[in-house]
Amino acid sequence: EPEVTQTPSHQVTQMGQEVILRCVPISNHLYFYWYRQILGQKVEFLVSFYNNEISEKSEIFDDQFSVERPDGSNFTLKIRSTKLEDSAMYFCASSIPKGIHEQFFGPGTRLTVL
Amino acid sequence: KQEVTQIPAALSVPEGENLVLNCSFTDSAIYNLQWFRQDPGKGLTSLLLIQSSQREQTSGRLNASLDKSSGRSTLYIAASQPGDSATYLCAVRRVYNFNKFYFGSGTKLNVKP
């Protein structure tokens, strides 16, 4: 069964460093999403991406964040200069733009900023 | 804005018990509602998805109901097992913007052998 994959599973970085989290969505999906979950808190929407552009972003998704689909298979989330409060689990999801638009979630990347 | 609340925050039951987890949402104009399971430090496993036009969905020992007018959903787990121990998350998408999930804080379930 097709699934969303994410790499790495765990990323440790120093404050101020740039990180790139990678996702491979399900192959025929055209909508892509990033969510994050700070430890002990709710899962929060960050951004949705369709047709090579951001379709919606939350207030969390400021200028330090960017997303890209660099090729036909990957979808990335970049954090330019990480802060301690960026430590969280980041989930990628994808969906097809028809039917019930069900989102399929990846296993997540745990980001730890020291 | 959509607020999703789940009660109780934590629940501990003996094995074999039937149990109900509750989810409420403030905006009844939902596109669908989904229940997820999350094991500690792990990803989100989809359990049941209920479209706004549906009243309930069943999968094995799980049954989820939806009452849009009152802004409530319940997840019923029959004959609970220690392997059911996890956090259960409720999430809704709105009609006006079905690209975006609003999640509850979850109910942490512990099923004791």
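Structure's up top.
Residues numbered from 1 in each chain as written. Chains lettered and ligands numbered in written order. Predicted model: local features only at pLDDT ≥ 70, side-chain atom pairs only at ≥ 80, totals over all residues. Heavy atoms only, no water.

> Outline the state of the cysteines, listing residues and values.
All names here are of chain A. According to the stated counting rule, one finds 2 disulfides over all chains in the structure shown. Disulfide pairing places Cys-23 opposite Cys-92 at an S-S distance of 1.9 Å. Measuring handedness by torsion sign, the sulfur bridge of Cys-23 and Cys-92 sits at about -60 degrees and is left-handed. Linking Cys-23 in strand S3 (residues 19-24) with Cys-92 in strand S9 (residues 88-95), this pair joins segments that are 69 residues apart in sequence. Of the residues examined, Cys-23 reaches a relative accessible area of 0% and is grouped as buried. The buried category is assigned to Cys-92, whose relative accessible area is 0%. (Disulfide = S-S within 2.5 Å. Helix = DSSP H or I, 4+ residues; strand = E, 2+ residues; numbered from the N terminus. Buried < 20%, exposed > 50% of the residue type's maximum accessible area, 1.4 Å probe, protein only.)

> Could you give me a rundown of the interface of chain A and chain B, with the residues and numbers involved?
A common way to state how big an interface is: give the accessible area lost once the parts meet. Across the boundary between the two partners, chain A contributes 18 residues, which contact 24 residues of chain B. Overall, the association of chain A and chain B removes approximately 1,700 Å² of surface from exposure, summing both partners, and the carbon and sulfur fraction of that is 52%. Among the residues of chain A in contact with chain B, Lys-42, Ile-100 and Phe-105 of chain A are the three that bury the most area, contributing 30% of the side total. Viewed at the interface, chain B and chain A are joined by 1 salt bridge. Across the pair Glu-56 of chain A and Lys-100 of chain B runs a salt bridge, and its minimum N-O distance is 3.4 Å. Between the two partners, chain A and chain B, sit 8 residue pairs in polar contact (both at pLDDT 80 or more). Elements supplying a minimum of two residues to the side of chain A that touches chain B: strand S4 (31-37), strand S5 (43-50) and S9 of chain A. (Contact = heavy atoms within 4.5 Å. Buried area = accessible area lost by both parts, 1.4 Å probe. Salt bridge = Lys/Arg side-chain N within 4 Å of Asp/Glu carboxyl O. Polar contact = N/O pair within 3.5 Å; in protein donor to acceptor, adjacent residues only side chain to side chain.)

> Residue-level account of the sheet that holds strand S8 (residues 75-79) of chain A, with values.
All names here are of chain A. Overall, antiparallel pairing links the 4 strands, which are arranged S1-S3-S8-S7 in an open sheet. The strands lining the two open edges of the sheet, one partner per strand, are strand S1 (5-7) and strand S7 (65-68). Strand-to-strand twist across the sheet, computed as the mean angle between neighbouring axes with direction ignored, equals 20 degrees. Two strands pair when backbone bridges link them, and S1 and S3 are joined in this way by 3 bridges, in the antiparallel orientation. From the neighbouring strand, Thr-5 faces S3, where its bridge partner is Val-24. (Pairing = 2+ DSSP bridges. Axes fitted to C-alpha atoms, helices over the stretch in contact; angles between N-to-C directions.)

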